[in-house]
Structures are given as C-alpha cells and as structure tokens.
Amino acid sequence: NLHMALKLMNYPGKQSCVIWSKRIAFLVSMFISRPGKHTIVLAVITLCLIGITYLHIPLDRDIFSSHNDVSLKITDRHGIVLREMLSAEGGRSTWLSYDEIPETVIQAVLSAEDKRFFSHGGVDWLAFGRAMIQNLAARRIVSGASTITQQVIKNRFGLPRTVLGKVREMVLAIRLEHTLSKQKIFEQYINRVEFSNLAFGIEAAANVYFRKPASHLSLAESVFLAGLIQAPSRLNPYRDLDHAKQG
C-alpha cells in the first residue's frame with residue numbers, strides 16, 4: 001500500500017506525499033470497481049497523480065554527502081599549510097556551511113547564475129520558456145536555463161546533454177527541493193562548482209586566485225569569481241586575465 005509505506009518514512013514533504021497517495025489509492029479503487037466509459041479518464045488522472053507524488057518523494061541524502069569532496073590539508077603547528085592532497089573529485093576543496101559564505105558571494109552568484117533561486121521550485125519556468133524560444137530561433141542550443149538546483153543535480157548525477165537527460169534533470173531538481181532547504185542546496189552548489197585550476201568551491205577559488213579565505217573577499221572579487229562559473233576553462237584567469245575580467 002503506497003500511502004502506508006510513505007507514512008513510515010520521515011522526510012520533508014511527507015504529509016503532502018501521504019495525501020496524494022491516498023487520492024491515488026481512491027482513484028485506483030474506482031478504476032477497478034467501475035470499468036467502462038470513465039476508465040480512460042480515471043487512468044489518465046491516476047497517472048498524473050502518481051507523477052505528482054513522485055515529484056514529492058525526496059532523493060537519497062547520501063548522494064549529497066561532502067565526505068569525498070574535501071581535500072586533505074597537512075599543516076604545521078602554526079596552521080600553515082605544508083601540503084594539500086586533492087579530493088576524490090581530483091581538486092582542491094574546503095567545505096563551507098551556508099552561514100560561513102559571505103553575503104557578497106551569495107548575491108554575486110545569484111545575480112550571475114539564478115536570480116529567482118529563492119522563489120522557484122527547482123525549475124525556473126520563465127527562464128526555461130525564454131531559453132526554448134532562443135534555441136528554436138537559433139536552431140541550436142544556445143541556452144539551457146539551468147537553475148542552481150538543476151546544476152547541483154547535473155553535478156551529482158552526470159546526466160547526458162540530451163532532451164531526455166534535461167527532462168530527468170528537471171524532475172530530479174524538483175525532488176531535490178523536497179529533500180534539502182534552499183540554503184543547503186546553495187551550500188551544495190557553491191562548494192562543488194568548478195573555478196578552473198583544480199579549484200572546486202568558493203573557498204578553494206578564493207585561496208587559488210586571491211590568496212585569502214572566502215570570508216575576506218571584497219565585492220569586486222566576489223563578482224569576479226562568480227563570473228568564472230559560466231565557463232571556467234574558457235575564462236581561466238591564468239590564461240587570459242582580461243578575458244576573465246570581462247566574463
């Protein structure tokens with residue numbers, strides 16, 4: 001029994017899932033007991049409700065564990081880093097909690113990557129519609145309109161750049177919004193995003209490019225780093241600083 005199974009689980013959005021599962025169970029009982037002209041309508045409604053329920057089921061939180069994404073630092077007794085061993089992802093990374101991320105960084109990244117992050121439910125449908133119009137006009141993909149939530153999904157699941165991959169990315173992004181808070185999703189993003197030169201996450205990027213912790217970044221430095229996210233390899237400051245500044 002779907003709604004009985006969901007009752008045994010404890011996660012954000014559980015109450016909503018249980019309610020929808022009860023509605024599905026009711027429609028399925030009608031589907032079985034009243035075959036005839038209404039069968040197709042009931043079947044369609046039931047499938048729609050199953051889809052809605054699926055969107056409310058959260059993802060496995062272990063997928064978003066930071067255990068393997070932090071590089072190991074060897075320091076002397078004064079705290080000076082002597083050597084840094086790359087993380088399992090193959091880069092430099094130091095995890096920051098949301099409260100440790102400077103407000104200037106948050107605002108710079110949101111402005112560059114996802115202005116409506118705190119108001120959408122994982123997919124920015126307005127941006128998605130605009131991107132579809134641009135892609136159709138150009139007859140090629142020129143804009144993906146991925147939200148920060150979608151980019152976290154892309155990072156953790158490695159989905160293919162296909163239409164089916166995009167659909168799955170959007171579905172999983174909606175489910176992620178029922179798994180983690182907005183602050184935790186942003187924390188996942190800003191600690192995993194690539195800044196080129198083996199720097200993953202804002203703390204590593206601040207140290208690589210400015211030799212300082214993220215907490216000491218100025219507004220201009222925060223904007224500069226936020227600009228690298230769009231194309232870290234193409235905007236690599238060590239290759240072309242002027243181009244990186246323009247980005």
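The structure displayed is predicted, hence computed values, not measured ones.

> A description of the pattern of salt bridges should follow, citing residues and the corresponding values.
By the definition in use, this model includes 6 salt bridges. Here glutamate 169 and lysine 154 are joined by a salt bridge, their closest N and O atoms 3.9 Å apart. Placement of the pair is glutamate 169 in helix H7 (residues 163-177) and lysine 154 in helix H6 (residues 148-157), with a sequence separation of 15 residues. Among the residues examined, glutamate 169 registers a relative accessible area of 4% and is labelled buried. Several salt bridges converge on common partners, so that one network encompasses Lys154, Lys166 and Glu169.

> Which residues make up the nonpolar core, and what are the values?
If you look at the biggest cluster of nonpolar residues, it comprises 41 residues, and the most contacted ones within it are Val109, Phe186, Phe195, Ile202 and Leu225. Listed by contribution, the elements that provide at least two residues to this core are helix H4 (103-113), H6, H7, helix H8 (182-192), helix H9 (202-210) and helix H10 (219-228). Sorting elements by how many residues they give to this core places H9 first, with 6 residues. With near-sequence residues (within four places) excluded, phenylalanine 195 lies in contact with Gly201, Ile202, Ala205, Tyr209, Leu225, Leu228, Ile229 and Pro232.

> Tell me about unusual backbone geometry, and please be specific about residues and values.
Although it is not a glycine, serine 196 adopts a positive phi angle of roughly 75°. Counting through the fold element by element, serine 196 comes out in the loop between H8 and H9. With relative accessibility at 5%, the residue serine 196 sits in the buried group. Unlike most non-glycine residues, asparagine 197 shows phi in positive territory, near 55°. With respect to the secondary-structure elements, asparagine 197 resides in the loop between H8 and H9. Note on asparagine 197: relative accessible area 25%, which makes it partly exposed.

What counts and what doesn't
Residue indices follow the written sequence of each chain, beginning from 1 at its first position. Only residues with pLDDT of at least 70 get local features here, since the model is predicted, and only at 80 or more are side-chain atom pairs given and counted; chain-wide, interface and lining totals rely on the full set of residues. Hydrogens and water are ignored here; the side-chain numbers use all heavy atoms of the structure. The working definition used for a salt bridge is a side-chain nitrogen of Lys or Arg within 4 Å of a carboxyl oxygen of Asp or Glu. Put simply, DSSP marks the helices as runs of H or I at least four residues long and the strands as runs of E at least two long, and each gets a number from the N terminus on. Relative accessibility decides the category of a residue: with a 1.4 Å probe and only protein chains considered, values under 20% of the type maximum give buried, values over 50% give exposed, and everything between is partly exposed. To define a nonpolar core, start from buried Ala, Val, Leu, Ile, Met, Phe, Trp, Tyr and Cys residues and group those joined through side-chain atoms within 4.5 Å. Throughout, a contact is declared for two residues whenever any of their heavy atoms are within 4.5 Å.

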